[in-house]
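A closer look at the structure
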Amino acid sequence: MTEDASPKKELAAIKGTKDILPGEVEKWQALEGLARETFELYGYRELRAPLLEATELFEKGTGETSDIVTKEMYTFTDKGGRSLTLRPEYTPSVVRAIIEHRLDLQPEPMRYYYMGPMFRYDKPQKGRYRQFHQVDIEVFGEKDAAVDAEVIEMADTLLRKLGVEERETLVNSVGCRACRPAYSQALRAEAQKRKNDLCPDCQRKAETNPLRIFDCKVESCQTVARSFPLIQDFLCGECISHFNKLLLFLNQYRIIYRVEPRLVRGIDYYTKTTFEIVSGHLGAQNALLGGGRYDDMMKEFGGPDICGIGFAMGMERVLAVAELAPAKRKSLYLAYLGEEAKKAGLELARFLRANGVECLVEFKDRGMKAHFGRANKLEAAWVLIVGEDEMKKGRFGLKEMATGRQVDGTRDELLTILRGE
Ligand code: AMP
């Protein structure tokens, strides 16, 4: 594109957002197809929630002390004076939808998946965007650690299908309402002692939610966090037993994992299990997906006391390391000569499309040579030739571009060839 042809700066796509163009979109479609197919095999169904939600939903769900809520939300006041937010993550929306539609009263299993854009005002860099896309799954009403393992196994299966070879699974437990307060207190005490070594943001977190210091990217804070007490030493009996069962089930699935005691994840609602799958090839933004259990959110939203667990996978990051080879298109280019042939050609295209053949039809007057030139450019697999002669005979020419082989036949005969029957 010449400089003159690019849009004015103010009309260009905004920082941290991207167009996904034909040529690239096929990989997205392949990922979406594989995700859908995999999740449906485990009994998940799609649930589509709006992009816009009330701001309080994320403040209450994602958590008032999380980086997402304090720094990264796209929040605005609409014309009715209501504070709305472009969703930064999906879980709170699903929980809201369940309560709103009383999905807990339906006989179907509460297993949902979704794919779509999320919005976070973070500093854009490789692997981090302001509009990015997640594949998200959530399960409700299953307390057993077996489901935690199944969710991780499903994520692993999907990544394997996507050809993501070098991946590592990290797991942890962040405790529950019963045992986390003592841990937070110990962390707070430790953070107070080291306050002068923390960045201003973490000094504030030391007061509000010391667990969040583990999320800080500042090197000196990470050094301090490495000396903090570990959650393992504070877990209650129930959390220890849940975690041990999770590890047993992971072993049964032959998932190779590493227990990472500092994996608290950047969202406030997690209880018990947290996990991440990271890639060896992505540099700083190496998390392909992350998730965990959130047993209290539904109740805190005023709904029934139903536990939940889920994960969100970053589509951009997975696509950066996936080995996907979308099937090459096999399209047919219609080459017609003159008005009458055009009409007959359009009828043929309609017939072929109705029978599953992709037809490219353009409405510029072209000679036969120009038609073939254009078909080549479009990388058409076939050219269908419709001229006066062909119309008279009711037999049309079909040229296979890769081999140069040309045949003629009635439309039904050609359809058989095109279908490879
Ligand atoms: P989270 O919702 O923060 O647990 O993130 C889940 C996954 O979404 C991460 O593991 C990333 O793969 C992806 N992700 C999160 N934030 C971004 C972002 N700003 N840009 C691209 N991918 C992201």
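Check the entry above for the structure.
First things first, this report covers the structure right here in the doc. Per chain, residue numbering runs from 1 following the sequence as it is written. Owing to the predicted nature of the model, reporting of local features is limited to residues with pLDDT of at least 70; listing and counting of side-chain atom pairs is limited to 80 or more, with chain, interface and lining totals taken over all residues. As a convention, hydrogens and water are excluded, and side-chain values are obtained from all of the structure's heavy atoms.

Concerning helix α15 (residues 411-418)
The classification of residues rests on relative accessible area computed with a 1.4 Å probe and restricted to protein chains. Under 20% of the type maximum is buried, over 50% is exposed, and intermediate values are partly exposed. A run of DSSP states H or I qualifies as a helix once it reaches four residues; a run of E qualifies as a strand once it reaches two. Both are numbered from the N-terminal end. L414, L415 and L418 are the residues of α15 that are buried. Here the buried residues of α15 occupy an arc of 105° about the axis, which is enough to place them on one side. Regarding the arc, it is the one traced by the directions from the helix axis to the C-beta atoms.

Let's talk about the sheet that holds strand β13 (residues 358-360)
In this description, strands pair whenever DSSP reports at least two bridges between them. Strands sit in the order β13-β12-β14-β15-β16 across an open sheet of five strands; the sheet is mixed. Of all strands in the sheet, those with a lone pairing partner are β13 and β16 (406-409), marking the two edges. Along the sheet, successive strands turn relative to each other by an average axial angle of 30°, direction set aside. The pairing of strand β14 (residues 382-386) with strand β15 (residues 396-400) spans four bridges and is antiparallel. If you follow V383 over to β15, its bridge partner there is K399. On the sheet, helix α12 (residues 339-354) packs against β12 (331-336), β13, β14 and β15 and is oriented at approximately 140° with respect to β14. Contacts are residue-level and defined by heavy atoms, with any inter-residue pair within 4.5 Å sufficient. Simply put, an axis is a line fit to the C-alpha atoms, just over the touching stretch for a helix, and the angle between two N-to-C directions goes from 0 to 180 degrees. Packing against the sheet, helix α13 (residues 368-377) makes contact with β12, β14 and β15, and its axis sits at approximately 165° to β12.

Looking at the side chain of H133
Following the sequence through the fold, H133 ends up in strand β6 (residues 131-140). Exposure remark for H133: the relative accessible area of 14% places this residue in the buried category. Not counting the four nearest positions on each side in its chain, H133 is found in contact with I20, W28, G116, P117, M313, G314, M315 and E316.

Focus: the nonpolar core
Nonpolar side chains tend toward joint burial in soluble globular proteins. What is meant by a nonpolar core is a set of buried Ala, Val, Leu, Ile, Met, Phe, Trp, Tyr and Cys residues, joined one to another through side-chain atoms within 4.5 Å. Counting residues in hydrophobic clusters, the biggest one holds 50 residues, and the most contacted among them are L47, I98, Y112, F140, F214 and F228. Of all the elements, helix α4 (residues 91-101) adds the most residues to this core, at four residues. Sequence-distant contacts of F228, defined by excluding residues within four places in its chain, comprise L187, E190, A191, I213 and F214. Listed in part, the 43 residues of the second largest apolar core include L159, L250, I277 and V318.

Let's talk about α12
Helix span is expected to be 1.5 Å times the residue number reduced by one. In this model, α12 (16 residues) spans 23 Å end to end at C-alpha, consistent with the 22 Å of a helix rising 1.5 Å per residue. Those residues of α12 lying buried are A341, G345, L348, A349, F351 and L352. The arc enclosing the buried residues of α12, seen along the axis, measures out at 160°, which places them on a common side. Opposite the buried face of α12, by more than 90 degrees, sit the exposed residues K343, R350 and A354. Buried-residue contacts for α12 involve β12, β13, β14, α14 (388-393), β15 and α15. Note on α12: the residue one or two positions beyond its end, G356, has a positive phi of about 90°.

Points about unusual backbone geometry
Not every positive phi belongs to a glycine, and R102 is a case in point at roughly 45°. Secondary-structure assignment places R102 in the loop between α4 and β5 (111-119). The exposure class assigned to R102 is partly exposed, which follows from its relative accessible area of 38%. Phi at E379 is positive, roughly 55°, even though this residue is not glycine. Along the polypeptide, E379 turns up in the loop between α13 and β14.

Notes on the layout of surface pockets
Space inside and on the surface of the protein is sampled on a 1 Å grid over the protein atoms alone, with a cavity defined as a set of points where a 1.4 Å probe fits but cannot get out and a pocket as an open set with protein on both sides within 12 Å along at least 5 of 7 lines; lining residues have an atom within 4 Å of a point. Grid points are joined across faces, edges and corners, and a volume is the space filled by probe spheres set on the points. In this structure, the second largest pocket occupies an estimated 460 Å³ of space. Listed by contribution, the elements that provide at least two residues to the lining of the second largest pocket are α2 (55-61), α6 (180-193) and α10 (297-300). It is α6 that provides the largest number of residues to the lining of the second largest pocket, a total of four residues. The class makeup of the residues in the lining of the second largest pocket is seven nonpolar, seven polar and ten charged. Each residue gets one label: Ala, Val, Leu, Ile, Met, Phe, Trp, Tyr, Cys and Pro are nonpolar, Asp, Glu, Lys and Arg are charged, and the others, such as Gly, are polar.

Thoughts on the pairing of strand β7 (residues 167-173)
Across the seven residues of β7, five count as buried, placing the element largely inside the fold. The sheet contact formed by β7 and strand β9 (residues 271-279) spans seven bridges and is antiparallel. Bridge assignment links N172 to a residue of β9, and that residue is T274. Bridge count between β7 and strand β8 (residues 257-259): three bridges; the pairing is parallel. Bridge pairing in β8 links T169 to Y257.

What to know about the site of the ligand
Residues in contact with the ligand amount to 14 residues; listed here are only the nearest, R120, Y129, Q134, R265 and A287. Between N or O atoms, a polar contact is any pair within 3.5 Å; within protein, one atom must be a potential hydrogen donor and the other a potential acceptor, and residues adjacent in sequence are included only when both atoms are from side chains. Within the contact set of the ligand, an oxygen atom lies 2.7 Å away from a side-chain nitrogen or oxygen of R120. Note that an oxygen atom of the ligand is positioned 3.0 Å from one of the side-chain N or O atoms of Q134. We get accessible surface area from the Shrake-Rupley algorithm with a probe of 1.4 Å; when it comes to residues, only the shown protein chains can shield them. Calculation on the ligand without its partners gives an accessible area of 480 Å², and the protein chains cover 91% of this total. Residue assignment for the shell around the ligand shows that the elements contributing at least two residues are β6, β10 (287-293) and β11 (308-314). The element contributing the most residues to the shell around the ligand is β10, with four residues. Here the shell around the ligand is built from residues that sort into six nonpolar, four polar and four charged. By convention in these notes, a residue is near a molecule or strand provided one of its non-hydrogen atoms lies within 4 Å of it.

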